[in-house]
Amino acid sequence: MVSQAPPLRPGLASLALRARLYALIRSFFAARAVLEVETPIMSAAGNTDPNIESFQVRFSGHVDAGARERWLRTSPEYPLKRLLAEGVGDCYELGRVFRNGEAGGRHNPEFTMLEWYRVGWDHRKLMEETVGLVEAAMALVGQRVEVVVESYRQLFLDELGIDPMHDSEAKLREPLAPFNIDPQGLHRDDWLDLLITHLLQPGFPSDRITVIHDYPASQCALARIRPGEPPMAERFELYLGKYELANGYHELNDANEQRARFERDNAVRSARGIQEVPVDQRLLAVLDAMPDCAGVALGVERLLMCMAGTDAIADVLAYPFAEA
């Protein structure tokens, strides 16, 4: 009788799936003449987003080499935009990023992000390409998914009977009453986010890509705001089942407006009693020269989890944070 080798643990078995996905990604963009680039992981500037915490490191070499205090990137966004401003054209980066405090069943402090930019595109056109990439990834494991595209406002109206642009904060809070959420320090956008994470997102079918576009202007992040009544942030989020996979923007290229947004972020950080983060002055110096473009970031582990049919991020990592 021939003995059989024991099955590989999920993290080890997933390495082959990850390699196949990377090959698909590179083939996908090569066919579209999108250049693969590599940018620094450590920066003298950080991410000001109040909801994201960065890792800090200290350089011990000669002071003339540059700033001693460095931040591990939470995404490659800022250097990629600097490259765009210099004329690199359509580009993408596939690499590791780091977020402090985010560890658990579905989060790892270091993970892989795919981020790409398309010159002359808006967020609506980039949505279609992002859907195409995710469909191709799922096809690698023999799965087909349906696609639903809906505006942020219409989604709330259809599923919750709430107008997220105009209804009062009190009305936003009503459906969340069963969750007994402490309202201390929460504002309108926080309640809108909670409606998505607690009521909408869990109900998205596992075999469906859901794309939500055109967000409230107050959730603009690094996206352009389209004038109108109400004004809209030209951004989208893509979900596969209940997992948020990608976040994309019709990118802002107004340095003064971007500086003001960074400063507002740091004011929020200060009000929350958390450390302010150095603003990326090199990005601001060239942002006005960045061409009209759209960009999107996609979480590779989240996509691998969907491909592998698992809810545990450890199943798609060689070694999770606790074992690293």
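In case you missed it, the structure is sitting above this.
This report concerns the structure included in the present document. Source: prediction; values computed, not measured.

### A short note on the packing of aromatic side chains
Item 1. Enumeration according to the criterion identifies seven aromatic pairs in this entry.
Item 2. With centroids separated by 5.3 Å and ring planes inclined at 70°, the aromatic side chains of phenylalanine 204 and tyrosine 239 adopt a geometry described as edge-to-face. On the criterion of sequence distance, the pair formed by phenylalanine 204 in the loop between helix H6 (188-200) and strand E8 (208-216) and tyrosine 239 in strand E10 (residues 232-240) is long-range, its members being 35 residues apart.
Item 3. The buried category is assigned to phenylalanine 204, whose relative accessible area is 7%.
Item 4. In this structure an aromatic cluster arises from ring pairing among Phe28, Phe29, Tyr92 and Trp116.
Item 5. Positioned above the aromatic ring of tyrosine 215 is the side chain of arginine 235, whose terminal nitrogen or guanidinium carbon lies 4.4 Å from the ring centre.

### Concerning the pattern of salt bridges
Item 1. For the coordinates displayed, the defined rule picks out 21 salt bridges.
Item 2. Note that glutamate 129 and arginine 32 form a salt bridge whose closest N and O atoms lie 3.6 Å from each other. Of this pair, glutamate 129 sits in helix H3 (residues 123-140) while arginine 32 is found in the loop between helix H1 (10-30) and strand E1 (35-36), placing the two residues 97 residues apart along the sequence.
Item 3. Glutamate 129 sits in the buried class, given a relative accessible area of 8%.
Item 4. Lysine 81 is the partner of glutamate 77 in a salt bridge, and the nearest nitrogen-oxygen pair spans 2.8 Å. Of the two residues, glutamate 77 and lysine 81 are both situated in helix H2 (residues 77-85); the distance of four residues between them amounts to about one turn of the helix. The exposure classification of glutamate 77 matches that of lysine 81, with both residues buried.
Item 5. Beyond isolated ion pairs, a larger network of salt bridges with shared partners links Arg18, Arg96, Glu110 and Glu301.

### Structural notes on the packing of H1 against H3
Item 1. H3 packs onto H1 with a crossing angle of 140° between their chain directions and a minimal axis gap of 10 Å. Seen along the crossing, H1 lies across H3 with a hand that is right-handed. Contact residues: Arg20, Leu21, Leu24, Ile25, Phe28 and Phe29 in H1; Glu129, Gly132, Leu133, Ala136, Ala137 and Leu140 in H3.

The rules behind each value
Residues numbered from 1 in each chain as written. Predicted model: local features only at pLDDT ≥ 70, side-chain atom pairs only at ≥ 80, totals over all residues. Heavy atoms only, no water. Phe/Tyr/Trp six-rings, centres within 6.5 Å; stacked < 30°, edge-to-face > 60°. Helix = DSSP H or I, 4+ residues; strand = E, 2+ residues; numbered from the N terminus. Buried < 20%, exposed > 50% of the residue type's maximum accessible area, 1.4 Å probe, protein only. Lys NZ or Arg CZ within 6 Å of the ring centre and 35° of its normal. Salt bridge = Lys/Arg side-chain N within 4 Å of Asp/Glu carboxyl O. Axes fitted to C-alpha atoms, helices over the stretch in contact; angles between N-to-C directions. Left-handed = near helix turned anticlockwise from the far one by under 90°. Contact = heavy atoms within 4.5 Å.

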